[in-house]
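Below are the chains, spelled out letter by letter.
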Number of protein chains: 2
Amino acid sequence: MQDPSTEQKILEAAISIFQKKGMAGTRMQEIADEAKINKAMLHYYFRSKQRLFEAVFMQAFQQLAPHVNEIFNADATVFEKVESFVDKYISFVLVNPYIPSFLIQEINNNPKFAQTFFSAHGVPDPSQFEQQIAEEIQQGILKPIDPKQFLLNLFSLTAFSFAANGLVKGLLNIDNETFMMMMEERKKLIPELIINSIKR
Amino acid sequence: MQDPSTEQKILEAAISIFQKKGMAGTRMQEIADEAKINKAMLHYYFRSKQRLFEAVFMQAFQQLAPHVNEIFNADATVFEKVESFVDKYISFVLVNPYIPSFLIQEINNNPKFAQTFFSAHGVPDPSQFEQQIAEEIQQGILKPIDPKQFLLNLFSLTAFSFAANGLVKGLLNIDNETFMMMMEERKKLIPELIINSIKR
DNA sequence: AAATGATTTAACCATATGGTTAACAAAAAT
DNA sequence: ATTTTTGTTAACCATATGGTTAAATCATTT
């Protein structure tokens, strides 16, 4: 059997480098150095840069997708799911700060790859959640709103700070410590703002 | 004198390629092909890839900065400036859809360059706007809010859709036409949401 | 212990890539 | 008209980069 620790070391190094520098900005040698192994091992275990990148992309996507799937499909009220989503997403991303910008960047830079990837592995499907929104509007719980605009507001408020981390810190003139404190505050702030905007 | 049209052709081609593929993903030859000129001309007019990139980055930044400066420093009420900012920003970015993701990506991928660039050219300074927020809170126009969180909400709601264009379209399952219509709607939707959340 | 198979390494290889140069052409200045 | 400056091109160069290979080492099986 193969030694799992080498493959694991490679993947961890690749995650660290790819997430910070992206596909185009990453050098195989840099991953090898980070993992402290011979460059040939990257190809031995992952065949090519593209394949290794795909493993990293997959891993990142599969970590974020459950959060989106939960708000799309879980059996709870919209209010409850908004609170849960914001809290869990921010907590997760505070520990994995490069994942949002990495995914967004690679999808933007390589639409064809994204298309192929999503066709093969599927994207979370918002239709059930949109149905739920329609029902809660019927029941008089929610104002009449466009569910897609609502989702866009939610994702924007939650993800932008991390996706545009560098720019946000520059424009607001804050250091990383302040940023992290603000993100903790946003766990309450965003649900309040969002829920207030949709409740009857 | 030099023929301005060649230098201009290069810059336009560079803008087109760099904004879509980023510094690391761009090839000088690709810019030359796009501009339909010899690759040596890129170096004749711009010396190096880095310098050409900086010209593109600068051009992008200088187009966005005035919008931010206006909300930070213009002499109008917070409500007025929110409405104006959202409308102008979305209008501008609908025509220049790659600028937000380009700036965000390059700042994230190259923090050192960003640092140097901002030190040399300056970032819009939010302090005066924060002062104005404090005053309007005193006057009972606004609820007590954190001005930085408020700005973050505004920027998030306005910029995220463009910064994460590909992901947004994938997750919401919308085509480009629908996206553009939604962005037009957001010119009214975002100010309503934002202003509602801060007015007394 | 010998044989077999998996893992690791250093040296290579082909190509891509940013950048340069020398010759040439076109304008401008004299 | 001739010299000088500016603009343009094709060929070239050095290095970086993704990827391969043959030999060596290590582990497992028999």
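Residues numbered from 1 in each chain as written. Chains lettered and ligands numbered in written order. Predicted model: local features only at pLDDT ≥ 70, side-chain atom pairs only at ≥ 80, totals over all residues. Heavy atoms only, no water.

### Some remarks on the domain arrangement of chain A
Residues and elements named next belong to chain A.
- Looking at the assigned domains, one finds that chain A contains domain 1 (1-47) and domain 2 (57-198).
- Spacing between the C-alpha centres of domain 1 and domain 2 amounts to 29 Å.
- Note on domain 1 versus domain 2: buried area summed over both sides is about 570 Å², and carbon and sulfur give 63% of it.
- Here domain 1 is connected to domain 2 by zero salt bridges. (Domains from an automatic or database assignment. Buried area = accessible area lost by both parts, 1.4 Å probe. Salt bridge = Lys/Arg side-chain N within 4 Å of Asp/Glu carboxyl O.)

### A look at the interface of chain A and chain B
- Counting residues at the interface gives 45 residues for chain A, matched by 45 residues for chain B.
- Counting the surface lost from both chain A and chain B, the interface buries some 3,900 Å², and carbon and sulfur atoms represent 67% of this.
- On the chain A side of the interface with chain B, the three residues burying the most area are Gln149, Phe160 and Leu171 of chain A, jointly 17% of the side's total.
- One can count zero salt bridges joining chain A with chain B.
- Looking at the side of chain A that touches chain B, the elements that each hand over two or more residues are helix H1 (4-25), helix H4 (49-73), helix H6 (99-109), helix H9 (147-163), helix H10 (165-172) and helix H11 (176-198) of chain A. (Contact = heavy atoms within 4.5 Å. Helix = DSSP H or I, 4+ residues; strand = E, 2+ residues; numbered from the N terminus.)

### Considering the relation of the copies chain A and chain B
- It takes a turn of 180° to lay chain A on chain B, together with a shift of 0.0 Å along the axis; the resulting RMSD is 0.0 Å. Taken together, the rotation and translation describe the operation of a two-fold axis.
- Most of the interface of chain A is mirrored in chain B: 100% of its interface residues are interface residues there too. (Least-squares fit on C-alpha atoms with pLDDT ≥ 70 in both.)

### Looking at the packing of aromatic side chains
- For the coordinates displayed, the defined rule picks out 38 aromatic pairs over all chains.
- Plain terms: the ring middles of Phe85 of chain A and Tyr89 of chain A are 5.5 Å apart, the flat faces sit at 35° to each other, and that makes the pair tilted. Linking Phe85 of chain A with Tyr89 of chain A, this pair stays in helix H5 (residues 78-95), spanning four residues, or about one helical turn.
- For the ring pair Phe129 of chain B and Phe150 of chain B, a centre distance of 6.1 Å and an interplane angle of 20° mean the geometry is stacked. In this pair, Phe129 of chain B sits in helix H8 (residues 127-138) while Phe150 of chain B sits in helix H9 (residues 147-163), placing the two residues 21 residues apart along the sequence. Like Phe129 of chain B, the residue Phe150 of chain B is buried in the burial classification.
- Taken together, the aromatic side chains of Phe18, Phe53, Phe57, Phe61, Phe102, Phe113, Phe117 and Phe118 of chain A make up a single cluster linked through ring pairs.
- Positioned above the aromatic ring of Phe179 of chain A, the side-chain terminus of Lys169 of chain A is 5.1 Å from the ring centre. (Phe/Tyr/Trp six-rings, centres within 6.5 Å; stacked < 30°, edge-to-face > 60°. Buried < 20%, exposed > 50% of the residue type's maximum accessible area, 1.4 Å probe, protein only. Lys NZ or Arg CZ within 6 Å of the ring centre and 35° of its normal.)

### A look at the pattern of salt bridges
- Under the counting rule described, the total for this entry stands at eight salt bridges over all chains.
- For the salt bridge of Glu70 of chain A with Lys88 of chain A, the shortest nitrogen-to-oxygen distance reads 3.2 Å. One end of the pair, Glu70 of chain A, is in helix H4; the other, Lys88 of chain A, is in helix H5, and 18 residues separate them in sequence.
- Residue classification places Glu70 of chain A among the partly exposed residues on the basis of a relative accessible area of 31%.
- Note that Glu184 of chain B is salt-bridged to Lys187 of chain B, the shortest N-O span being 3.1 Å. With Glu184 of chain B and Lys187 of chain B both in helix H11 (residues 176-198) and three residues apart, this pair spans about one turn of that helix.
- Judged by its relative accessible area of 42%, Glu184 of chain B falls in the partly exposed class.
- Residue Lys187 of chain B is classed as buried on the basis of its relative accessible area, which comes to 16%.

### With respect to the nonpolar core
- Within the largest apolar cluster, 144 residues are counted, with the highest numbers of intra-cluster contacts made by Phe18, Phe57 and Phe160 of chain A together with Phe18 and Phe160 of chain B.
- In contact with Phe160 of chain B, other than residues within four places in its own chain, are Ile104, Phe155, Ser156, Ala159, Phe160 and Ala163 of chain A together with Phe155, Asn165 and Val168 of chain B. (Core = buried A, V, L, I, M, F, W, Y, C linked by side-chain atoms within 4.5 Å.)

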